[in-house]
Amino acid sequence: MSNEDRAKATGDNIAGKAQEALGNVTGDPKDKAEGKAKQAKAEAGHAIEDVKDELKKKLD
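The name given to the chain in an unreviewed UniProt entry is CsbD-like domain-containing protein, and the organism recorded there is Microcoleus asticus IPMA8.

Rendered as structure tokens:
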């Protein structure tokens, strides 16, 4: 697993949560949607890293 990729996904998740919160405060639906999209991208990144980890365990 790439710690770098997992850290990037975590950073995207945090940025997405912050952007969604900003959208909630300002009432901007675009910020809310973009924040949720960043969080979904981060979830996918974590899922990919989980699959890589499982494959590596099985191959070792």
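Draft legend 1. Representation of the side chain of Gln 19. You can see Gln 19 is positioned in helix α1 (residues 3-26). A residue is classified by how much of its surface remains accessible, and Gln 19, at 12% relative accessible area, is buried. Of the polar contacts made by the side chain of Gln 19, one reaches the side chain of Lys 38; its length is 2.9 Å. Those residues in contact with Gln 19, other than ones at most four positions away along the chain, are Asp 31, Lys 32, Glu 34, Gly 35 and Lys 38.

Draft legend 2. Broad picture of helix α2 (residues 29-59). Between the first and last C-alpha of α2 there are 45 Å, a value that for 31 residues agrees with the 45 Å anticipated at 1.5 Å per step. Along α2, the residues that are buried comprise Asp 31, Gly 35, Gln 39, Ala 42, Gly 45, Glu 49 and Asp 53. Taken together, the buried residues of α2 touch α1. In this structure Asp 28 caps α2, since a side-chain oxygen of it lies 2.9 Å from the backbone nitrogen of Lys 30.

Draft legend 3. Layout of the pattern of salt bridges. Inspection of the entire model under this criterion finds eight salt bridges. The closest approach of N and O atoms between Asp 50 and Arg 6, which form a salt bridge, is 3.0 Å. One end of the pair, Asp 50, is in helix α2; the other, Arg 6, is in helix α1, and 44 residues separate them in sequence. For Asp 50, a relative accessible area of 40% puts it in the partly exposed group. Arg 6 gets classed as buried once you look at its relative accessible area, which sits at 18%. The salt bridge involving Arg 6 is made with Asp 53; its shortest N-O contact spans 3.2 Å. Of this pair, Arg 6 sits in helix α1 while Asp 53 sits in helix α2, placing them 47 residues apart in sequence. The pair Arg 6 / Asp 53 is uniform in exposure class, with both members buried. Within the structure, one salt-bridge network assembled from shared partners comprises Asp 5, Glu 49 and Lys 52.

Procedures and definitions
Residues numbered from 1 in each chain as written. Predicted model: local features only at pLDDT ≥ 70, side-chain atom pairs only at ≥ 80, totals over all residues. Heavy atoms only, no water. Helix = DSSP H or I, 4+ residues; strand = E, 2+ residues; numbered from the N terminus. Buried < 20%, exposed > 50% of the residue type's maximum accessible area, 1.4 Å probe, protein only. Polar contact = N/O pair within 3.5 Å; in protein donor to acceptor, adjacent residues only side chain to side chain. Contact = heavy atoms within 4.5 Å. Expected span 1.5 Å × (residues − 1). Salt bridge = Lys/Arg side-chain N within 4 Å of Asp/Glu carboxyl O.

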